[in-house]
Amino acid sequence: MRLSRLIKIVRVVFGYGLDEFLLGHARVRGLGKLIQSLLSGRDLSAPRAERLRLALQELGPIFVKFGQVLSTRRDLMPLDIADELAKLQDNVPPFAAETAVAVIEASLGRKLKELFAEFEQSPVASASVAQVHKARLHNGQQVAVKVLRPDILPVIESDLALMRIMAVLLEKLSADGKRLRPREVVAEFDRYLHDELDLMREAANASQLRRNFLNSGQLLVPEVFYDFCAREVFVMEWMDGIPVGRIDELLAAGMDLKKLSRFGVEIFFTQVFRDGFFHADMHPGNILVAADNRYIALDFGIVGTLSDSDKQYLAINFLAFFNRDYHRVATAHIESGWVPKETRVEELEAAVRTVCEPIFNKPLSQISFGQVLLRLFETSRRFNVEIQPQLVLLQKTLLNIEGLGRQLDPDLDLWQTAMPFLERWMHEQIGWRGMLRNLKKEAPQWAALLPVLPRKLGELLDQNHTELLVAGYSGLMWEQKKRNWLLGVIAALLAGLLLTWWFK
């Protein structure tokens, strides 16, 4: 099977002229010319990016999914290829309803009639690794049933093995092979794909996002029904809405497009800076608009997470870019560890200015947040910095949000919408609210640690270990100083409140 699959891949590669990607290195350029002369009848008039997209479509759903992942790596891919691969749609032929029913019954251990009062045999959507059926529970609840494609794992493993071979060839034979890091891209695709094969992971992602936006006036997330979920089956609340890309239908339904565009930006920054947990696959195919003008999120296979240091790094850089404070951008890079500490600040500042200053020759309303972040990554690459995967996901999601927002409202000014959010977040982190929140967060640990310190010190005395005794005494003194400092801060705050009340 692997041999026949390899033969088909070779035929498609040469048929679409993709040998130009593989044979671009100087040491094999002669071989490339020989192949071009032997296959001179090929029609290679279409741009290389379009030919790559068509080839991936012909090779099937796993390669289509790979193309979608490649389109997110704008930090590695040439922009013409990334833009073309972003057009890939995951519309693949569905598998038989009888097979879907068999997977559901085997996974959940019950007959279909016991699980659902109604089950539509025709799928409403079909993608690379799963398809979705509409159903109704016995309590009347309308649900969407996502079913993993049966026996897909051997197909995936076979295609991944061939992709690894192609990646090695690309790295050795292409002029851009090392810069594009194809083996790392395939490894990243491997990780994403195997994550998507576990629908319980997607169910958990959906639950977290729903909890984060419960009672939100901007975003709806469907409820997950865990009694009907397994590794190969995922059942969630059915959501009715208009696909966000159908502008004419949204206008006909009386939707406020300007409000929707603003909501999209605010939802994104809320996920990033408030929660550190964001939906990382927010292309128009995964978003509906409800009758009350709220967004509906679907497909939770890919999410991104950010640490507090990631969030602070992003906020500082965005604000510094907005103010054209390139020195602060440079120092933030060094402080966060994204560039070596021995890097000269002035050198990095000059590089950032050279790359980003042309962006600001445009009106603010025309400046792309995603492009700013992309240029930031490009500058970091010049200093041999490996960009973290979560930030690449963030940049890709931001580009999706920008494209969606400006499709709904061409006059959307992302900076005007985002700046108050960023400034408010920074004040909350650095100001007295942030200090009180951190004190509240750390207080339980202090409360648990302080009472047991005397006993720990007594154990050290009994053991007569001088070095440990000194260390324990130092720790006790440090905790005492920290507690005194905390009491002093609280006393100062209370005094300030009393004075404020007294002089009113």
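Predicted model, so just to flag it, every value in this text is computed and none were measured. All residue numbers refer to positions counted from 1 along the written sequence of the respective chain. Per-residue local features of the predicted model are confined to residues with pLDDT of at least 70, and side-chain atom pairs are confined, for both listing and counting, to 80 or more; whole-chain, interface and lining totals are unaffected and use all residues. With hydrogens and water excluded, all non-hydrogen atoms of the structure serve as input to the side-chain values.

Quick notes on the overall build of the protein
Our working rule: Secondary structure follows DSSP: runs of H or I at least 4 residues long count as helices, runs of E at least 2 residues long count as strands, and numbering of each begins at the N terminus. Residue burial is assigned from relative accessible area. The probe radius is 1.4 Å, only protein chains are included, and a residue is buried under 20% of its type maximum, exposed over 50%, and partly exposed in between. Note on contacts: a residue pair is in contact if any heavy atoms of the two residues lie within 4.5 Å. All accessibility values rest on the Shrake-Rupley procedure with a 1.4 Å probe; residue burial counts only the protein chains present in the view.
Counting its secondary structure elements, the protein contains 23 helices and 11 strands. Each of the 504 residues in the protein was classed as buried or not, and the buried ones make up 48%. In the protein, the proportion of contacts linking residues at least 24 apart, taken out of those at least 6 apart, comes to 68%. Working note: accessible area of the protein is about 25900 Å², and carbon and sulfur atoms make up 56% of it.

Topic: the pairing of strand β6 (residues 233-237)
Stated precisely, the cut-off is as follows: Pairing between two strands is assigned when DSSP locates at least 2 bridges connecting them.
Where burial is concerned, most of β6 is hidden: four out of the five residues are buried. Bridge count between strand β4 (residues 142-148) and β6: five bridges; the pairing is antiparallel. Bridged to Lys146 within β6 is Phe234.

Some points on the packing of helix α15 (residues 308-322) against helix α16 (residues 326-336)
Relative placement of two packed helices is described by the angle separating their axes and the distance separating the axes. Using the following cut-off: Axes here refer to lines fitted to C-alpha atoms; in helices the fit is confined to the stretch in contact. Angles between the N-to-C directions go from 0 to 180 degrees. Convention used here: angles under 35 degrees read as roughly parallel, angles over 145 as roughly antiparallel, angles from 65 to 115 as roughly perpendicular, and any remaining angle as oblique. Should the near helix be turned counterclockwise from the far one by less than a right angle, the crossing is left-handed, whereas a clockwise turn marks it as right-handed. Polarity classes work like this: nonpolar for Ala, Val, Leu, Ile, Met, Phe, Trp, Tyr, Cys and Pro, charged for Asp, Glu, Lys and Arg, and polar for all others, with Gly in that last group.
In the contact formed by α15 and α16, the axes pass within 8 Å of each other and the chain directions differ by 165°. Regarding the angle of α15 to α16, the classification is roughly antiparallel. The crossing of α15 and α16 is left-handed. Contact residues: α15 offers Tyr313, Ile316, Asn317, Ala320 and Phe321, while α16 offers Tyr326, Arg328, Val329, Ala332, His333 and Ser336. Partitioned by chemical class, the residues of the contact of α15 with α16 number seven nonpolar, three polar and one charged.

Regarding the nonpolar core
Which entries qualify depends on this criterion: In this text, buried Ala, Val, Leu, Ile, Met, Phe, Trp, Tyr and Cys residues form a nonpolar core when linked through side-chain atoms within 4.5 Å.
Counting 98 residues, the largest nonpolar core has Phe269, Phe273, Tyr295 and Leu408 as its most contacted members. Listed in part, the 20 residues of the second largest apolar core include Val101, Leu108, Leu115 and Val235.

Overview of α15
Rules: Any helix carries an expected span of 1.5 Å times its number of residues minus one.
The first and last C-alpha atoms of α15 sit 21 Å apart over 15 residues, in line with the 21 Å expected at 1.5 Å per residue. In terms of residue burial, α15 counts as a mostly covered element, since 11 of its 15 residues are buried. For α15, every residue scored as buried is listed here: Asp310, Lys311, Tyr313, Leu314, Ala315, Ile316, Asn317, Phe318, Leu319, Ala320 and Phe321. Positive backbone phi, approximately 55°, marks Arg324, located one or two places after α15.

Overview of the UniProt feature "active site" (unreviewed entry) in the protein
Threshold: UniProt positions are given in the numbering used here, feature names are shortened, and annotations may be inferred rather than shown by experiment.
Within the UniProt annotation, "active site" (unreviewed entry) is assigned to Asp281. Note on placement: Asp281 falls in the loop between β8 (277-279) and β9 (287-289). Look past the residues within four positions of Asp281 in its chain and what remains in contact with it is Asn286, Asp299, Ile302 and Lys396.

Side note on the sheet that holds β9
Taken in spatial order, the four strands of this open sheet run β5-β10-β9-β7, and their pairing is mixed. Each of the sheet's edge strands pairs with one partner strand only, and the pair in question is β5 (219-220) and β7 (242-243). The pairing of β7 with β9 spans two bridges and is antiparallel. In the sheet register, Pro243 faces β9, and the bridge partner there is Leu288. Contacts from helix α14 (residues 257-275) reach β5, β9 and β10 (295-297) within the one sheet, and its direction differs from that of β10 by about 45°.

Observations concerning the pattern of salt bridges
Where we set the bar: In the sections that follow, a salt bridge refers to a side-chain nitrogen of Lys or Arg positioned within 4 Å of a carboxyl oxygen of Asp or Glu.
Inspection of every chain in the model, using the stated rule, returns 16 salt bridges. Arg53 is paired through a salt bridge with Glu84; the nearest N and O atoms lie 2.5 Å apart. With Arg53 in helix α4 (residues 48-59) and Glu84 in helix α6 (residues 79-85), this residue pair connects regions lying 31 residues apart in the sequence. Looking at Arg53, the relative accessible area reads 15%, which means it is buried. In this structure, the salt-bridge partner of Arg210 is Glu237, at a minimum N-O distance of 4.0 Å. Residue Arg210 is found in helix α12 (residues 199-212), and its partner Glu237 is found in strand β6; the two are separated by 27 residues along the sequence. Among the charged side chains, a salt-bridge network with shared partners connects Lys146, Glu202 and Asp299.

Some thoughts on the packing of aromatic side chains
Quick note on the threshold: Whether two aromatic rings pair depends on their centres lying within 6.5 Å, for rings of Phe, Tyr and Trp, where Trp uses its six-membered ring; planes under 30 degrees apart make the pair stacked, over 60 edge-to-face, and the rest tilted. Either the NZ atom of lysine or the CZ atom of arginine qualifies as a charge over a ring when it sits within 6 Å of the ring centre and within 35 degrees of the ring normal.
Under the criterion given, the structure shown has four aromatic pairs. When the ring of Phe269 is compared with that of Phe273, the centres are 5.9 Å apart and the planes differ by 5°; the resulting orientation is stacked. On the criterion of helical spacing, the pair formed by Phe269 and Phe273 is a turn pair, its members being four residues apart in helix α14. For the pair shown, Phe269 and Phe273 are each scored as buried. Taken together through their ring pairs, the aromatic side chains of Phe116, Phe119 and Phe228 make up a single cluster. One residue, Arg274, lies across the ring of Phe213, its end atom 5.2 Å from the ring centre.

Brief notes about the pairing of β4
For a regular strand, the rule is simple: side chains alternate between the two faces of the sheet. Judged by how many residues are buried, β4 sits mostly within the fold: six of seven residues are covered. Sheet topology note: the strand β3 (residues 130-136)/β4 ladder contains seven bridges and is antiparallel. By the bridge assignment for β4, His133 is matched with Val145. Following β3, the chain reverses through five residues before pairing antiparallel with β4; Gly140 in that reversal takes a positive phi of roughly 95°.

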